[in-house]
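Secondary and tertiary structure notes
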Amino acid sequence: MSRCQARSSKGRLGAATSPRDTYLEVSDSLRQKIEKGKIPEKLPSQAKLMESYGVSRSTIERALGDLKSKGVIESVQGAGWYVVGTGDRRPLVEKVTDLLRTDGVRVGDPFPTEKELCERFEASRTAIRSAIAQMEGQGLIGKGATRGREVRALPIGQGDRKA
């Protein structure tokens, strides 16, 4: 039984194409989901796509590359893949820093864990760690007295600057 037929028996991809063309099946499936509004803005992570389609990372990367070359999706460094013309395109560090701008956050408050940030922003742990490192470098967060991080300073946003 071929790889494609094996995937087909699991209810994932069809057996019509060769293993080399599997990325085209994934690409076409994602394009259809985008057109039908099932993926309105941000695509799932590569890991989730690998799991849902039962294919390798290189197959997912080729499928995403195909959609990108057709102008359907675009990559935002540190944030993931988006349908062209939708979504918040700010760098991840800006989105995470916005957590410190919310009402009620004070210096000394605990900062969310890496796991919580990964889930909230649908970002990889590597991307979250990079954002955290930048925020630590700016002195906004740091290691707390116990395990975890805490807020060390609040960011100055537009309109918040002292006169």
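Residues numbered from 1 in each chain as written. Predicted model: local features only at pLDDT ≥ 70, side-chain atom pairs only at ≥ 80, totals over all residues. Heavy atoms only, no water.

Per an unreviewed UniProt entry, the recorded name for the chain is GntR family transcriptional regulator, and the organism is Streptomyces coeruleorubidus.

At their nearest, the axes of helix α2 (residues 22-35) and helix α4 (residues 57-69) sit 8 Å apart, and the two run at 55° to each other. Accordingly, the angle class assigned to the pair α2 and α4 is oblique. Seen along the crossing, α2 lies across α4 with a hand that is right-handed. Here α2 contributes T22, Y23, L24, V26, S27, L30 and R31 to the contact with α4, which in turn contributes T59, I60, R62, A63, L64, D66 and L67. (Axes fitted to C-alpha atoms, helices over the stretch in contact; angles between N-to-C directions. Helix = DSSP H or I, 4+ residues; strand = E, 2+ residues; numbered from the N terminus. Parallel < 35°, antiparallel > 145°, perpendicular 65-115°, else oblique. Left-handed = near helix turned anticlockwise from the far one by under 90°. Contact = heavy atoms within 4.5 Å.)

We now examine the pairing of strand β2 (residues 80-83). Sheet analysis places strand β1 (residues 73-76) next to β2, joined by 4 bridges and oriented antiparallel. Within β2, the residue paired with E74 across the bridge is Y82. Hairpin connection from β1 to β2: 3 residues lie between these consecutive antiparallel strands, with G78 at a positive phi of about 80°. (Pairing = 2+ DSSP bridges.)

Our focus in this paragraph is the nonpolar core. In this structure, L92, V96, F111, L117 and M135 are the most contacted members of the largest nonpolar core, which totals 18 residues. Contributing elements (two or more residues each) for this core: α5 (92-97), α6 (114-121) and α7 (125-137). It is α7 that contributes the most residues to this core, 5 residues altogether. Setting aside residues no more than four positions away along its own chain, L92 makes contact with G78, F121, A123, A127, I128 and A131. Residues V26, L30, I34 and V55 belong to the second largest nonpolar core, which totals 17 residues. (Core = buried A, V, L, I, M, F, W, Y, C linked by side-chain atoms within 4.5 Å. Buried < 20%, exposed > 50% of the residue type's maximum accessible area, 1.4 Å probe, protein only.)

One pass over the full model with this rule turns up 9 salt bridges. The partner of E35 in a salt bridge is R31, with the nearest N and O atoms 2.9 Å apart. Of this pair, E35 and R31 are both found in helix α2, 4 residues apart, which corresponds to roughly one turn of the helix. Look at R31 and you get partly exposed, because its relative accessible area is 26%. (Salt bridge = Lys/Arg side-chain N within 4 Å of Asp/Glu carboxyl O.)

All right, on to the packing of aromatic side chains then. Inspection of the entire model under this criterion finds 0 aromatic pairs. Positioned over the ring face of Y23 is R62, at 3.9 Å from the centre of the ring. (Phe/Tyr/Trp six-rings, centres within 6.5 Å; stacked < 30°, edge-to-face > 60°. Lys NZ or Arg CZ within 6 Å of the ring centre and 35° of its normal.)

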